[in-house]
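A look at the structure
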Amino acid sequence: MFKHPLFTKLAALTAITVLLLFGLGLIEDVVRDRLRYRSITAQSVAESLAGPQTLMGPMIHSACVESWDEEVGKGEERRMVERRREFILTAMPEQLKLTTGAAMEERARGLHKVNTYNLKANVTAQWGSLASLLPQSSMKNSRMHCGAPIVMMAVGDARGIRTAQFTMGSQALALKPGTFHPTYSRGLHAVLPESVRGKADGLTATLDLELVGTERLAIVPLGGNTEVLMTSSWPHPSFAGRFLPSEREVKKTGFSAQWRLSSLATTAQADIANGKRICLGADEGSDYAHSGATPGDCADSFSVAFIDPVNPYSLSDRATKYGVLFIALTFVAVGLFELMKKLRVHPVQYLLVGSALCSFFLLLVSLSEHLPFGISYAVAASACVLLLAYYASHMLGALTRGVPLGAGIALLYGLLYVLLQLEQTALVVGAIALFLVLAAVMVLTRKVNWYGLSQGGTPPRPTMPPVQRPAAPRAEAA
């Protein structure tokens, strides 16, 4: 049985399929290398310009030291020792309003492009009573010393600060780099007069900030009531973090999103007061990234990523995952021609057809580095379809057989392009297409005698016994 030509052919096709899968694996490695190079490019741009950004603040803080004398030892060794307690007093805004607009700027390193943005933000913060800045003694007869109150605005990467103007009432404040905060050290600050400490009627501050960053922006809802309005010309935002926008509108010309949050819904104020890390919108190695942090270790925040949905490398990576399906369906189509038309196709010809299919994915990723993805896909698919239609016309012995095969492969490429553009419905469309292909194969092969193919002959089919018909009456002799 194993010496039958059919089994020899199947063994050869199995070996060819394994060889083609190995080739597809090499192409997938090329795509992953390109993806890795793109990640390195994004990191390089972030190192040269500024990384993903985080906005946290404004808030007021004051560093305090409480000291007291404590008696230690007994007898002649008894002496007085000074003890110290260091702590930070903070005042969070009761009302916080941010209005931001992000203009996108594309940066490139060689063939790879990275989305950067220029953010212009207007931040208005209102504080009520500043009694939280009054120090409270924890020890009797202790001495208390506090530094000047400081209003600060923390950012993820201070290199991205272009311009900043801080005003309190009608008075412009002198801004200085850094925040003098032990946890959130990157940003800017201004020193406030001592008279604001414990102020009952509160104060209002406004910050106009121009900030550049890379790919992502995160905001900490630090106010008792926080309102954020963000607009941008980028049409592909990805909202993430602990809170989604309460209102958003995404168009081809850009997006607008609005968040309205209450301190009843977020623990951001307590998180920042306790020094929790901000885990969104920070690059590796910054003061705000915390490796191995769990959601409970991170302060509440939300973010917007300016993603590129037509990233040629991610789309090429998705396309190569369908390579096995392409090879299998094409081999099935050639096998049906061979079966239905009583042809003989050599395994080498199967190998050449499969190699042409694999070359499509390599053409796609290489062309998409220089051309838009849609044009690259059309060029690569057209070249492979024309080549396969021409070769199949000679392989199958007639133009009328090669052209339908080429048309079927073109249909596969069209279906794959549709699947690449879909996100939510890609699975159901792909499942329906596979079902239709399977149904077509079953219909076309419904009359094939598989026993005859494997045994070299046709097994006897069960026959119905002859029907006994009643004899016609004979005519009586006159």
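Notes on the structure follow. (Residues numbered from 1 in each chain as written. Predicted model: local features only at pLDDT ≥ 70, side-chain atom pairs only at ≥ 80, totals over all residues. Heavy atoms only, no water.)

This part covers the state of the cysteines. Evaluated as defined, the whole model comprises one disulfide. Residue pairing for Cys64: its cysteine sulfur links by disulfide to Cys146, the two sulfurs lying 2.0 Å apart. Because the torsion about its S-S bond is 110°, the bridge between Cys64 and Cys146 counts as right-handed. Within this pair, whereas Cys64 is found in strand β1 (residues 53-72), its partner Cys146 is found in strand β5 (residues 143-146), the two being separated by 82 residues in sequence. With no disulfide of its own, Cys358 lies closest to Cys384 among cysteine sulfurs, the gap being 9.8 Å. (Disulfide = S-S within 2.5 Å. Helix = DSSP H or I, 4+ residues; strand = E, 2+ residues; numbered from the N terminus.)

Another aspect to go through is the sheet that holds strand β13 (residues 225-232). With respect to topology, eight strands assemble into an open sheet ordered β8-β7-β11-β4-β3-β13-β16-β15, the strand pairing being mixed. Only two strands of the sheet have a single partner each, and these edge strands are β8 (171-173) and β15 (247-251). The mean angle between the axes of side-by-side strands here comes to 15°, regardless of whether they run parallel or antiparallel. Looking at chain direction, strand β3 (residues 95-109) and β13 are connected through eight bridges and run parallel. Within β13, the residue paired with Leu98 across the bridge is Val228. (Pairing = 2+ DSSP bridges. Axes fitted to C-alpha atoms, helices over the stretch in contact; angles between N-to-C directions.)

Across the interface, helix α6 (residues 373-395) lies against helix α7 (residues 399-421) with an axial gap of 8 Å and an inter-helix angle of 160°. Classified by the interaxial angle, the pair formed by α6 and α7 is roughly antiparallel. Crossing angle aside, the handedness with which α6 passes α7 is right-handed. For the pair formed by α6 and α7, the contact residues are Phe373, Gly374, Tyr377, Ala381, Cys384, Val385, Leu388, Ala389, Ala392 and Ser393 on the first element and Leu399, Gly402, Val403, Leu405, Gly406, Ile409, Ala410, Tyr413, Leu416, Tyr417, Leu420 and Gln421 on the second. Residues that form the contact of α6 with α7 fall into these classes: 17 nonpolar, five polar and no charged. (Parallel < 35°, antiparallel > 145°, perpendicular 65-115°, else oblique. Left-handed = near helix turned anticlockwise from the far one by under 90°. Contact = heavy atoms within 4.5 Å. Nonpolar A, V, L, I, M, F, W, Y, C, P; charged D, E, K, R; others polar.)

Glancing now at the environment of Ile278. Within the secondary structure layout, Ile278 lies in the loop between α2 (268-273) and β17 (302-306). A relative accessible area of 1% means that Ile278 is categorised as buried. (Buried < 20%, exposed > 50% of the residue type's maximum accessible area, 1.4 Å probe, protein only.)

Taken as a whole, this structure holds 18 salt bridges when the rule is applied. Between Lys276 and Asp271 there is a salt bridge whose closest N-O contact spans 3.6 Å. A residue is classified by how much of its surface remains accessible, and Lys276, at 27% relative accessible area, is partly exposed. For Asp271, a relative accessible area of 5% puts it in the buried group. Taken together, the salt bridges that share partners define one network made up of Glu28, Asp29 and Arg32. (Salt bridge = Lys/Arg side-chain N within 4 Å of Asp/Glu carboxyl O.)

Our next topic: the pairing of strand β16 (residues 254-262). As judged from the eight bridges shared by β13 and β16, these two strands associate in the antiparallel manner. Bridge pairing links Ser232 to Phe255 in β16. Sheet topology places β15 next to β16; five bridges connect them, and they run antiparallel. By the bridge assignment for β16, Arg248 is matched with Ala257. As consecutive antiparallel partners, β15 and β16 are separated by two residues.

Right, let's talk about the nonpolar core for a bit. Among the nonpolar cores identified, the biggest contains 60 residues, and Leu55, Met56, Ile60, Trp127, Trp259, Ile272 and Phe306 are the most heavily contacted of them. Among the elements that make up this core, the one with the highest residue count is strand β4 (residues 112-127) (six residues). Within the second largest apolar cluster, 39 residues are counted, among which are Phe326, Ala392, Leu405 and Tyr413. (Core = buried A, V, L, I, M, F, W, Y, C linked by side-chain atoms within 4.5 Å.)

Scanning the entire structure with this criterion turns up eleven aromatic pairs. The interplanar angle of 45° and the centroid separation of 4.4 Å between the aromatic rings of Phe360 and Tyr413 together place this pair among those described as tilted. Taken together, the positions of Phe360 in helix α5 (residues 347-367) and Tyr413 in helix α7 put the pair 53 residues apart, joining distant regions of the chain. As far as the burial class goes, Phe360 and Tyr413 line up, both buried. Following the ring pairs from residue to residue traces out a cluster consisting of Tyr117, Phe239, Phe255, Trp259, Phe302 and Phe306. (Phe/Tyr/Trp six-rings, centres within 6.5 Å; stacked < 30°, edge-to-face > 60°.)

Remember that the coordinates give geometry; whether it matters functionally is a separate question.
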